[in-house]
Amino acid sequence: MTPPLRIVLVDDQELLRRGLAMLLSTVEDIDIVGAAADGLEALAVIGKHGPDVVLADVRMPGMDGIELVARCRIDHPGLPVLLLTTFDDEAVVQGSLAAGAAGFLLKDTSTDALAEAIRSVAGGGMVIDPRVTRIAMGRSAEGTLAGRSGDDPLAVLTRAERLVAEQVAEGRTNTEIAESLVLAEGTVKNHVSALLRKLGARDRTGLALALYKTLNG
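Just so it is clear, the structure is predicted and the values come from calculations on it, not from any experiment.

Reading guide: rules and limits
- Here the residue numbering is sequential within each chain, running from 1 through the sequence in written order.
- Reporting of local features is limited, given that this is a predicted model, to residues whose pLDDT is at least 70; pairs of side-chain atoms are given and counted only at 80 or more, and all residues count toward the totals for whole chains, interfaces and linings.
- Values shown for side chains rest on all heavy atoms present in the structure; no hydrogens or waters enter the calculation.
- Put simply, DSSP marks the helices as runs of H or I at least four residues long and the strands as runs of E at least two long, and each gets a number from the N terminus on.
- Throughout this description, buried means an accessible area under 20% of the type-specific maximum (1.4 Å probe, protein chains only), exposed means over 50%, and partly exposed covers the range between.
- Pairs of residues are marked as contacts when any of their non-hydrogen atoms sit within 4.5 Å.
- What sets the accessible areas is the Shrake-Rupley method with a 1.4 Å probe; for residues, cover comes only from the shown protein chains.
- When DSSP finds two or more bridges between a pair of strands, those strands are recorded as paired.
- Here the term right-handed applies to a crossover when the path leading from its first strand over the helix to its second strand runs clockwise, the strands being oriented away from the viewer.
- A fitted line through C-alpha atoms serves as each axis, taken over the contacting stretch for helices, and the angle formed by two N-to-C directions is quoted from 0 to 180°.
- Oblique is the label for any angle not under 35 degrees, not over 145, and not in the 65 to 115 range, which are roughly parallel, roughly antiparallel and roughly perpendicular in turn.
- Each residue gets one label: Ala, Val, Leu, Ile, Met, Phe, Trp, Tyr, Cys and Pro are nonpolar, Asp, Glu, Lys and Arg are charged, and the others, such as Gly, are polar.
- UniProt positions are given in the numbering used here, feature names are shortened, and annotations may be inferred rather than shown by experiment.
- Here, nonpolar core means buried Ala, Val, Leu, Ile, Met, Phe, Trp, Tyr and Cys residues that are tied together by side-chain atoms lying within 4.5 Å of each other.
- Left-handed is the label given to a crossing in which the near helix is rotated counterclockwise from the far helix by less than a right angle, and right-handed is the label when the rotation is clockwise.

Looking only at helices and strands, the protein chain features 10 helices and six strands. Counting only residues that meet the buried cut, the protein chain has 45% of its 217 residues in that class. Summarising the internal contacts of the protein chain: among those between residues at least 6 apart in sequence, 67% fall at separations of at least 24. Of the roughly 10,700 Å² that the protein chain leaves accessible, carbon and sulfur atoms contribute 53%.

Structure below.
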């Protein structure tokens, strides 16, 4: 049996932390192993418990969620941080994703959707609330691939790479892509590396955003 995903909750409002913990405690494959009131406290809790995913508020006093994402990329490479907020401000969304957040959701997300997002980022995927996807694209240089190869910036891709690109744009993990396209996971990983190189994306998050905007026009 697969062990439950270990989650650390970070929010400066104790009532919200307890509420999230209560909601997620009803999900069988999720286990809340720690909680913190700000980013700085969260770093200590993360170091102690070694979670699979961090679920954090964006706006907090002291070290906020965006700063926490940046610190985790240095101190805990590979640890996905999923950010929650009541705000859908472009600067907040752009800052979160630029820092390397694994996802960005609004706080009124349902428990089922939140649990699914946690599973997705734990598996290497990226999740952005559909209501803020347009804002996430914004005017960021990483939000478009236009002009890199004539009228079709994806013309440099092979047919197989384009199929993988379409699924990366949907935030799917390598495992999910491999199952969907009936490929070895190592083959998918190689295709993703080729996409990063050919399209000049800095990381998978930037790649997914750029592909989403390019493919959905």
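From this point, things continue past the structure.
The next subject is the pairing of strand S3 (residues 53-57). Where burial is concerned, most of S3 is hidden: five out of the five residues are buried. Burial along S3 is two-sided: Val53, Leu55 and Asp57 and Val54 and Ala56, pointing in opposite directions, are all buried. Bridge count for strand S1 (residues 5-10) against S3 is four bridges, and the pairing is parallel. Opposite valine 10, over in S3, you have alanine 56 as the bridge partner. In terms of strand pairing, S3 meets strand S4 (residues 81-85) through four bridges, oriented parallel. By the bridge assignment for S4, alanine 56 is matched with leucine 83. You can see the chain leave S3, run along helix H3 (residues 65-75) and come back into S4, and the turn it takes is right-handed.

Packing of helix H9 (residues 185-199) against helix H10 (residues 204-216) leaves a shortest axis separation of 10 Å and a crossing angle of 75°. With respect to H10, the element H9 is oriented roughly perpendicular. Packed against H9, whose contacting residues are Val192, Leu195, Leu196 and Leu199, the element H10 presents Arg204, Leu207 and Leu211 at the interface. Of the residues that constitute the contact of H9 with H10, the class distribution is six nonpolar, no polar and one charged.

Attention shifts here to the UniProt feature "modified residue: 4-aspartylphosphate" (unreviewed entry) in the protein chain. In this numbering, the UniProt entry assigns the feature "modified residue: 4-aspartylphosphate" (unreviewed entry) to Asp57. A residue is classified by how much of its surface remains accessible, and aspartate 57, at 5% relative accessible area, is buried. Residues in contact with aspartate 57, not counting those within four places in the same chain, are Val10, Asp11, Asp12, Gly65, Leu83, Leu84, Thr85 and Lys107.

If you look at the biggest cluster of nonpolar residues, it comprises 44 residues, and the most contacted ones within it are Val10, Leu68 and Val168. Filtering out sequence-adjacent residues up to four positions away, leucine 68 remains in contact with Val10, Gly39, Ala42, Leu43, Ile46, Val54, Ala56 and Met63. One finds Val27, Leu114, Ala115 and Ala117 within the second-largest nonpolar core, a separate group that totals 19 residues.

Right, let's talk about the packing of helix H7 (residues 159-168) against helix H8 (residues 174-181) for a bit. Between H7 and H8, the shortest axis-to-axis distance is 10 Å and the interhelical angle comes to 130°. Relative to H8, the element H7 lies oblique. Both H7 and H8 take part in a crossing whose hand is right-handed. Note on element contacts: H8 touches H7 through Ile177, Ser180 and Leu181, opposite Leu163, Val164, Gln167 and Val168. Counted by class, the contact of H7 with H8 contains five nonpolar, two polar and no charged residues.

Turning to unusual backbone geometry, a few remarks are in order. In this structure, valine 182 is a non-glycine residue whose phi angle is positive, near 55°. Mapping valine 182 onto the fold places it in the loop between H8 and H9. Residue class for valine 182 comes out exposed when judged on its relative accessible area of 72%.

This next bit is on the environment of valine 69. Relative to the helices and strands, valine 69 is located in helix H3. A relative accessible area of 2% places valine 69 in the buried class. Taking C-alpha positions, valine 69 is 8.8 Å from leucine 82, a pair spaced 13 residues apart along the chain. Each residue touching valine 69, except ones within four places of it in the same chain, is listed here: Val81, Leu83, Ala99, Gly100 and Ala101.

Here six strands make up an open sheet; going across it, the order is S2-S1-S3-S4-S5-S6 and the pairing parallel. This sheet does not close on itself; its edge strands, each paired only once, are strand S2 (30-36) and strand S6 (127-128).

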